[in-house]
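A closer look at the structure
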2 protein chains.
Amino acid sequence: MALADLEPLVRNEQGIATALGVLRQRFGERLKTSNSLREQHAHTTTYVPGQWPDAVIFAHSSDEVREIVRVCAEHLVPIIPFGTGTSLEGGVNAPAGGISIDLSEMNAILAVNAEDLDATVQAGVTRKALNEHLRDTGLFFPIDPGADASLGGMAATRASGTNAVRYGTMRDNVVNLTAVMPDGRVVTTAKRARKSSAGYDLTRLLVGSEGTLGVITELTLRLYGIPESISAAICSFKDVEGACKTTIAAMQCGIPMARIELLDAASVAAINAYSKLDYPLAPLLLLEFHGTEAGVREQAELFGEIADDNGGSGFEWVTSTEDRNRLWQARHDGFWAVKASAPGKEFVVTDVCVPISRLADCVAETAADITQSGLYGPIVGHVGDGNFHSSLAVDPADAEEVARAEALAERMAMRALAMDGTCTGEHGVGQGKRRYIRFEHGAGADVMAAIKTAIDPDSIMNPGKVLALD
Amino acid sequence: MALADLEPLVRNEQGIATALGVLRQRFGERLKTSNSLREQHAHTTTYVPGQWPDAVIFAHSSDEVREIVRVCAEHLVPIIPFGTGTSLEGGVNAPAGGISIDLSEMNAILAVNAEDLDATVQAGVTRKALNEHLRDTGLFFPIDPGADASLGGMAATRASGTNAVRYGTMRDNVVNLTAVMPDGRVVTTAKRARKSSAGYDLTRLLVGSEGTLGVITELTLRLYGIPESISAAICSFKDVEGACKTTIAAMQCGIPMARIELLDAASVAAINAYSKLDYPLAPLLLLEFHGTEAGVREQAELFGEIADDNGGSGFEWVTSTEDRNRLWQARHDGFWAVKASAPGKEFVVTDVCVPISRLADCVAETAADITQSGLYGPIVGHVGDGNFHSSLAVDPADAEEVARAEALAERMAMRALAMDGTCTGEHGVGQGKRRYIRFEHGAGADVMAAIKTAIDPDSIMNPGKVLALD
C-alpha cells in the first residue's frame, strides 16, 4: 500500500488555528495537544505510519460532540472519531490534521432491556465492558473481533470476528444508533423495534461508514441468551481443501456452528512453539457449538462424522470450561504466537473474504504466492464466512520488503475480487484499501461518493478514508 | 389515510407524450396502454384507490430497464417498478402517471450456488418459483410474506413475514442486488462474499427503498438447508399478555423458534367459522420449530413448559406433515377467514411493530381502541418480532366509516411510535405511511431526503412514495 499514491489532503491551517482557539475556550483542559496523546491517537496497530491530529478532545455526551462538530464545520476542520485505536487500516489517522474526538469516556451503559434482548450504550463502551455488565442477566453480546474494541468503533467498521458465522456481524446486531451528522444535527436512525420497513436504512448506512458520514455517539445492540451448553472441538486436515469441504457440508446440514476457525500449518507451527503444544503441522479447524446439552452433543458428533468423510483426523470435542479453554488456547494465542515467531517485525495485515466455495482455492493460491514471495505470513481464517487473514511480517525499515508485502497484499485483494469476494471482510477500508473500492464496486463507488457529498459536502468527517474522491 | 392531505404530484404531460413515443418505437407491442392493464398495474390489494400509469412495459433484461430509465430520465417521466402488485400501501400507484416497468417476465433463476448457500435471480422470480426450483437441492429460501410476491418487490419493501423471527427479513437475506439507477447507470451493490466491510452498504440502502432510488433487476439471496425435522405446536392463552410473556421467555432461553404467530380471539372466531374448527375463543399461539429430530422435540417440550408457566392451555405439538398442516390451517386460512367474516368489505391494513416488552400493552390498547371505534378488526401478529396487523373492515362507499378506520390506523401508528416502535414492520411506507416518517425519524427524514435528492435529483423514481419531500 503506497499511501503516497493517494491524493495528499491539504491542511486548512487557518481554520484549524481558529477552531482550536474556540474549542480550547469551551473545553479547557479537556482539549489536549501533547505529542504523546496526539501520537497515541494516530496509533494504527500495524505498519501503517501514524498521522497525528492537531488536538484530542475527550467528549462526554452527544451534545458535546455536537458542539465540537459545529465548530469544526464552521471552520472546515477535519473530525476524526476515536474509540480504542485498534483500527488496522489507519482509520484514526489525521492526514490533514484536525480534531480527534475521543469517545472512550462516553462509557455509560444506558439501558439493558432484557425482555427485548437489547441494550443501549454510549459509543465508548467496549464489548468486554458490556459483557461484564450483562454477567448476571443470562444475556451476552456475541460479536468478538479479538481486540476489546469500543462498540461505536466496531459499528463504524462493520466489525465481526470469530462468531459471525452464527450471530452475524455488526451489520446484523445494531438495532439503531445515534450519530452527530456533519451539520451538527443529531440523528437517531431507528426506533427499538426488531424490524421496520419505514424508509431508508440509515442504521446500515452508518454501520461501516468509518466515521465519514457522522460520529456515532450511542447505539442499541442485540443481545442473546447465554447458551445452556457450549462445546468445543478440534480437528486436523491434511490440506485446506478438506477443512473447507467439511465446513461447507456442515453448513449445508444446518449445523449452527458458533465458531469455525482455520489455522494453516504455518500458524500451527507458530502456536506449537509459543504455547508448547504439539498439533500436527497441518491445517487445523477449531469449533464451538452453542445450544442445549443434547444439542451441542448432537452438533459435535455430526460434525465429527462429516470431518471423517473429508479426511479429518484427531477430532476431539469437549464441554467443560477448562477443556474448552485448552482447545481454544491455540486460537487465542494466535496473534501473540505469530508476533513471537517473527521478532522485531511489523505486520501488513490482510483481510480478504470470498464465497466459501472458492475459499480452498483462494487460500491455496495465496499460500503459494506467500511462499514464492519469500515472505513469512501465517494464515488464519473465519472459514464459515470465507474470510481469512495473512499477517505478512516486514521490517518497516526495509523498503524493499515492505513493497514486496504490499504487492502481495494487493494481489490477495485482486484475487479475492476475481473470485467474487471482497478486499475487506471485517477490517474496513480506512486508508489502505481505498484503492480497491472502484475495482470492487464499479459504478457503486460513484453512488457512495454522491451520498458522501450530499451528507458531508465539505468532507470534514474523517477525510481521506473509505472513498478516494476523484 | 387522507391521501388528499399529501401534496398532489404534477403530471408532466409533454414529457410523458414524448417518452411514450420514443418507447413505443423501441418496444413496439411490449408497450401496453390498455385500460385493463393500466388498472391492473395500479392494483393495491387494499382500500387505497388505484392511480394508473400511462403505459406498462414488460422488460426482459437489466439492459432494457436501463433503456427505459434513460428515456424517462431525459423527459422527466415517472418510473414505477412493478413485480406482482401485492403491495399494501399503494406502492405501485402512479400519482403523476408515467411508465410502469413490469418485471414479471424477468423470471430467470440465474445461478444456484449450493456450496455458498445462495442463489442469483432476476427480480421477477417469485419466492414460490425459487423454492420450487430449489426442490431437489435440499435448500430453501425462507422469507414468506404470505403473498407469492416477486423477490425484487420483496427486497424493495424490506418484506418479512412469519419466519423472520428465525431467518431475519429481506434486509438480512439479500447478499447483493443489481439496480438501474435514475441516471441509467447499472450498479451491483456487493460481491457474493457472506460479509464485507468495503464501503457504504448500498445493498441495505436499496433494500426497503421501494423503487425510489433505483429499479432492482437482479438479486443474490441467502439460502438455508431444509431442516432435518420440522415440528408444529399450538397453544391457547386466556389473554394476550400470557402469550407475549411465553414468547419473551422462550426467546430468552434461546429456543430458535422458526415461526411464532399470535391470533386474537376475533381472528380465532373468524377461522373457526371459516374452517369449521373449534378452538377456544381466546388468544392462540401457533409455532413451528426447525432442527434435528431430537432438537425439535426438545424445543417443543421446553416451549410447552414455558407456556404452562404462563397460563397456556391445550398445548399440542406434532411432526408429521399432515398434522402440521392441520394445526397451521388456522393461520393459512386467516386472510380468507377474515375476508369471509366481513362480506363486501375492503380492509384498512395496519402494520405496527414494537419492542416485544411492549407488545402485550400495545395489542391490549389497540383491541380496546378497535372495540371503542365500533369497527371490526381482528388482530394477527408475528409475535416474536413484536409485529402485528389489524385488518379494519370498511365499506369504501361509506366515507364516515373509512375516516373512522383511518383515524384508528393513525392512532395505532402513533401508539407504536410512542412505545419506541415503528409505523410499519414489513409492509413499507408507500403512499399511506409517508405522513409518519417525520414522527418516526425526526432529523433522519432530512438525511433520507438528502440521499434521495443526491441519487434521484429529478424525483423520477416512484415519486410520491416513502418520503414526503417538503
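The model shown is predicted, which means the values in this text are computed figures rather than measured ones.

Check the secondary structure of chain A and you find 17 helices and 19 strands. Its C-alpha atoms give chain A a radius of gyration of 22 Å, near enough to 23 Å, the size a compact globule of 470 residues would have. Each of the three principal axes of chain A carries a C-alpha extent, and together these read 65 × 55 × 40 Å. Scored against the burial criterion, the 470 residues of chain A give a buried share of 59%. Sequence-distant contacts, at least 24 apart, represent 72% of the contacts inside chain A between residues at least 6 apart.

Moving on, we get to the sheet that holds strand 9 (residues 186-188) of chain B. All names here are of chain B. Taken together, the five strands give an open sheet; going across it, the order is 5-6-10-8-9, and neighbouring strands pair in antiparallel fashion. A strand with exactly one partner marks an edge of an open sheet, and here the two such strands are strand 5 (109-113) and strand 9. Ignoring which end each strand starts from, the neighbouring axes of this sheet average 10° apart. In the sheet, strand 6 (residues 118-122) pairs with strand 10 (residues 215-222) via five bridges, with the strands oriented antiparallel. Paired with D118 across the strands is R222, a residue of strand 10.

Below, the discussion takes up the environment of A:V383. Residues and elements named next belong to chain A. Secondary-structure assignment places V383 in the loop between strand 18 (379-382) and strand 19 (387-394). For V383 and M181, which are 202 residues apart along the polypeptide, the C-alpha to C-alpha distance reads 36 Å. Not counting chain neighbours up to four residues away, the residues in contact with V383 comprise A243, C244, T247, I260, E261, L262 and L359.

With that settled, consider the pairing of strand 14 (residues 284-291) of chain B. A regular strand places its side chains so that they alternate between the two faces of the sheet. All names here are of chain B. Buried residues dominate strand 14, accounting for eight of its eight residues. The alternating pattern of strand 14 places L284, L286, E288 and H290 on one face and L285, L287, F289 and G291 on the opposite face, and all of these are buried. Across eight bridges, the pairing between strand 12 (residues 229-237) and strand 14 is antiparallel. Residue pairing across strands places S231 opposite F289, the latter belonging to strand 14. Pairing geometry for strand 13 (residues 257-263) and strand 14, over six bridges, is antiparallel. For E261, the partnering residue across the bridge sits in strand 14 and is L286.

At an RMSD of 0.0 Å, chain A and chain B line up after a rotation of 180° and a shift of 0.0 Å along the axis. With respect to symmetry, the two chain copies, as superposed, fit the operation of a two-fold axis.

What follows is about the domain arrangement of chain A. Residues and elements named next belong to chain A. Assigned domains within chain A: domain 1 (3-104 + 449-455), domain 2 (109-225), domain 3 (229-336) and domain 4 (342-432). Here the C-alpha centre of domain 4 lies 28 Å away from the C-alpha centre of domain 2. The interface is formed by eleven residues belonging to domain 2 together with eight residues belonging to domain 4. Looking at the side of domain 2 that touches domain 4 residue by residue, the class counts come to four nonpolar, five polar and two charged.

On to helix 1 (residues 13-27) of chain B, then. All names here are of chain B. An ideal rise of 1.5 Å per residue puts 21 Å on 15 residues; helix 1 measures up with 20 Å between its terminal C-alpha atoms. Looking only at helix 1, the buried set comprises I16, A19, L20 and L23. The buried residues of helix 1 occupy an angular sector of 110° when the element is viewed end-on, so they sit on one face. Opposite its buried face, helix 1 presents the exposed residues Q14, A17, G21 and Q25, each directed more than 90 degrees away. Summarising the contacts, the buried residues of helix 1 are in contact with strand 1 (31-32), strand 2 (55-58), helix 3 (62-75) and strand 4 (99-102). Trailing helix 1 by a residue or two, G28 shows a phi angle of about 55°, which is positive.

What follows deals with the packing of helix 1 of chain B against helix 3 of chain B. Residue and element names in this part refer to chain B. Taken N-terminus to C-terminus, the directions of helix 1 and helix 3 make an angle of 155°; their axes are 9 Å apart at the nearest point. Our classification of the angle between helix 1 and helix 3 gives roughly antiparallel. As helix 1 packs across helix 3, the resulting crossing turns out to be right-handed. Contacts between helix 1 and helix 3 involve G15, T18, A19, V22, L23 and R26 on the former and, on the latter, E67, I68, V71, C72 and H75.

The next point concerns the confidence of the model for chain A. Residue and element names in this part refer to chain A. In this model, chain A carries an average pLDDT of 94, and 98% of its residues clear a pLDDT of 70 or more. Every residue in residues 1-6 scores below 50 in pLDDT, and together they form eight contacts with partners more than four places removed in sequence or on other chains. Here the complex is predicted with pTM 0.96, and the ipTM for its interfaces comes to 0.96.

Turning our attention to the sheet that holds strand 1 of chain B. Across a sheet, strands are paired by hydrogen bonds formed along the backbone, either parallel or antiparallel in direction. Residue and element names in this part refer to chain B. Within the open sheet, the four strands sit side by side as 1-2-4-3. Their pairing is mixed. Two strands bound the open sheet, and with one partner strand each, they are strand 1 and strand 3 (79-82). Note: strand 1 against strand 2, two bridges, orientation antiparallel. Its bridge partner lying in strand 2, L31 is registered against I57.

Located in the positive-phi region is A:E210, a residue other than glycine, with phi close to 55°. By the secondary structure assignment, A:E210 is in the loop between helix 8 (202-206) and strand 10 (215-222). Classification of A:E210 as buried rests on a count of 27 C-beta atoms within 10 Å. Even without being a glycine, B:V466 presents a positive backbone phi close to 65°. With respect to the helices and strands, B:V466 occurs in the segment after helix 17 (444-455). C-beta crowding within 10 Å serves as the criterion here: with 30 such atoms nearby, B:V466 is assigned to the buried category.

Glancing now at helix 14 (residues 359-373) of chain B. Given 3.6 residues per turn, any residue in an α-helix points the same way as the ones three and four places further on. All names here are of chain B. The end-to-end C-alpha distance of helix 14, which contains 15 residues, comes to 21 Å, matching closely the 21 Å that a straight helix rising 1.5 Å per residue would cover. When helix 14 is considered as a whole, its buried residues turn out to be L359, A360, C362, V363, T366 and I370. Within helix 14, the buried residues cover an arc of 165° as seen down the axis, which keeps them to one side. Of the exposed residues in helix 14, the ones pointing more than 90 degrees away from its buried face are A368, T371 and Q372. Two residues or fewer past helix 14, G374 is found with a positive phi of approximately 75°.

All names here are of chain B. Here strand 18 (residues 379-382) shows two buried faces, one formed by I379 and G381 and the other by V380 and H382. Here strand 13 pairs with strand 18 via three bridges, running antiparallel. Across the sheet, residue L262 finds its bridge partner in strand 18, namely G381. Across four bridges, the pairing between strand 18 and strand 19 (residues 387-394) is antiparallel. What sits directly across from V380, in strand 19, is H389. Where strand 18 hands over to strand 19, the hairpin turn is made up of four residues, of which G386 adopts a positive phi near 75°.

It is worth spelling out the environment of A:H41 at this point. For A:H41, the location among the structural elements is in the loop between helix 2 (35-40) and strand 2 (55-58). Residues A:H41 and A:G425 lie 384 residues apart in sequence; the distance between their C-alpha atoms is 24 Å.

Residues and elements named next belong to chain B. For A94, the position within the fold is in the loop between strand 3 and strand 4. Residue classification places A94 among the buried positions, given that 27 C-beta atoms sit within 10 Å. With 289 residues separating them in the primary sequence, A94 and V383 have C-alpha atoms 34 Å apart. Setting aside residues no more than four positions away along its own chain, A94 makes contact with A42, Q51, W52, P53, P78, I80 and S100.

Definitions and cut-offs
- Residues numbered from 1 in each chain as written.
- Chains lettered and ligands numbered in written order.
- Predicted model: local features only at pLDDT ≥ 70, side-chain atom pairs only at ≥ 80, totals over all residues.
- Helix = DSSP H or I, 4+ residues; strand = E, 2+ residues; numbered from the N terminus.
- Rg over C-alpha atoms; globule rule 2.2 N^0.38 Å.
- Buried ≥ 20, exposed ≤ 12 C-beta atoms within 10 Å, placed from the backbone.
- Contact = placed C-beta atoms within 7 Å.
- Pairing = 2+ DSSP bridges.
- Axes fitted to C-alpha atoms, helices over the stretch in contact; angles between N-to-C directions.
- Least-squares fit on C-alpha atoms with pLDDT ≥ 70 in both.
- Domains from an automatic or database assignment.
- Nonpolar A, V, L, I, M, F, W, Y, C, P; charged D, E, K, R; others polar.
- Expected span 1.5 Å × (residues − 1).
- Arc of directions from axis to C-beta.
- Parallel < 35°, antiparallel > 145°, perpendicular 65-115°, else oblique.
- Left-handed = near helix turned anticlockwise from the far one by under 90°.
- pLDDT = per-residue confidence, 0-100.

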